[in-house]
Amino acid sequence: MEQNLILEVFASKYIKVFLVYNLLRGYDMYTLVYSITNDENPDTVYINLTNACTNACIFCLRTQKDDVCGKEMWHDDDYEFEDIVEQFKRYSHCAKNVVFCGYGEPFLRKEMMKKFCKYLRLNYPKIKIRVNTNGHANAIYKTNVAEEFKGLIDSVSVSLNAPNQDEYEEICKPKIKNAFDSMKDFTKCCKDAGIEISMSIVTGFDKIHNIDVKKCEEIANSLGAKFRNREFITNGY
Ligand code: SF4
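Scoring rules and cut-offs
- Residues numbered from 1 in each chain as written.
- Predicted model: local features only at pLDDT ≥ 70, side-chain atom pairs only at ≥ 80, totals over all residues.
- Helix = DSSP H or I, 4+ residues; strand = E, 2+ residues; numbered from the N terminus.
- Buried ≥ 20, exposed ≤ 12 C-beta atoms within 10 Å, placed from the backbone.
- Near = placed C-beta within 6 Å.
- Nonpolar A, V, L, I, M, F, W, Y, C, P; charged D, E, K, R; others polar.
- Contact = placed C-beta atoms within 7 Å.
- Arc of directions from axis to C-beta.
- Expected span 1.5 Å × (residues − 1).

Q: With reference to specific residues and values, describe the overall build of the chain.
A: In terms of regular secondary structure, the chain is built from nine helices and nine strands. In the chain, which comprises 237 residues, the share counted as buried stands at 38%.

Spelled out as structure tokens, the structure:
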């Protein structure tokens, strides 16, 4: 599955054209590690492992802009582990938190993420590690991925996005079956693995109407998760 999605990204004409365009403009082709403050000494740095995703959320930033705080986010997944380490070194003196959160679903590069988590645990044991995820990992790999990451990540933020399957389909347009239940199951598995969990929804986007926020909060709480209602911001940050 991981390879198929990488191929899907690789084959995208849009991305190829975009990468060439960036190259011509002199941008770094691979933003793998970034901060959202443009600060030289950010507390939190973000890892952009992939642009592939098993959702196509109607509010996804990927459909609205190409950069985060001026950092071009598109890439074709054709990078090495050492490239992440190299880009991370720029922030290693100041980073207190590392968040896997890119223009895509980080668990689609599960092994790369695991390798980098181990690297962080070994070399920077004080750094807290979080993953922002759509929660499809167990369904994608048909195994308990949460258990694989026990002790390697401190927390996950799962995109709940809707109070039921029908609205989830409408808002997230998942490419896998039973995505809503799978996402909730994955959240529960993270909890069981001792990983701190939170769930979020997005409100204020013009195509999302009358979402039952209370019901979403109840779902999060029933799974033992903190709840976060994120107001949609046009530029994302
Ligand atoms: S889960 Fe995240 S990356 Fe995937 S489509 Fe939704 S907002 Fe975009």
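Q: Would you mind going over the site of the ligand in detail, with residue names and values included?
A: The environment of the ligand is formed by C53, N55, A56, C57, C60, R62, G104, E105, N134 and S159. When the residues that make up the shell around the ligand are grouped by side-chain class, the tally is four nonpolar, four polar and two charged.

Q: With reference to specific residues and values, describe unusual backbone geometry.
A: Here D77, not a glycine, exhibits a phi torsion of approximately 70 degrees, which is positive. Tracing the backbone through its elements, the reader meets D77 in the loop between β4 (71–72) and α3 (81–88). The exposure class assigned to D77 is buried, which follows from the 22 C-beta atoms found within 10 Å. For K142, which is not a glycine, the phi torsion comes out positive at approximately 55 degrees. As for its placement among the helices and strands, K142 is situated in the loop between α5 (137–141) and α6 (145–148).

Q: Quick one: what's the story with the environment of A179, residue by residue and with numbers?
A: Note that A179 resides in helix α8 (residues 179–192). Judged by C-beta crowding, with 21 C-beta atoms within 10 Å, A179 ranks as buried. Separated by 44 residues in the primary sequence, A179 and G135 place their C-alpha atoms 8.5 Å from one another. For A179, the residues in contact, after removing those within four places along its chain, are H136, Y168, C172 and P174.

Q: Provide a residue-level description of helix α9 (residues 213–222), including the pertinent values.
A: C216, I219 and A220 are the residues of α9 that are buried. With its buried residues spanning 95 degrees around the axis, α9 presents them on a single face. In this structure, α9 carries K214, N221 and S222 as exposed residues pointing more than 90 degrees from its buried face. Trailing α9 by a residue or two, G224 shows a phi angle of about 80 degrees, which is positive.

Q: Describe α8, with residues and values.
A: Helix length check: α8, at 14 residues, gives a terminal C-alpha distance of 20 Å against a target of 20 Å (1.5 Å per residue), a fit within 8%. Among all positions of α8, only A179, F180, S182, M183, K184, F186, T187, C189 and C190 are buried. Looking one or two places after α8, you find G194, whose phi comes out positive at around 80 degrees.

Q: Which residues make up the environment of I201, and what values go with them?
A: Counting through the fold element by element, I201 comes out in strand β8 (residues 196–203). Residue class for I201 comes out buried when judged on the 22 C-beta atoms lying within 10 Å of it. Considering only alpha carbons, one finds I201 and R228, 27 residues apart in sequence, at a separation of 6.5 Å. In this view, I201 contacts L160, N161, I211, V213, C216, N229 and R230; residues no more than four positions away in its chain are not counted.

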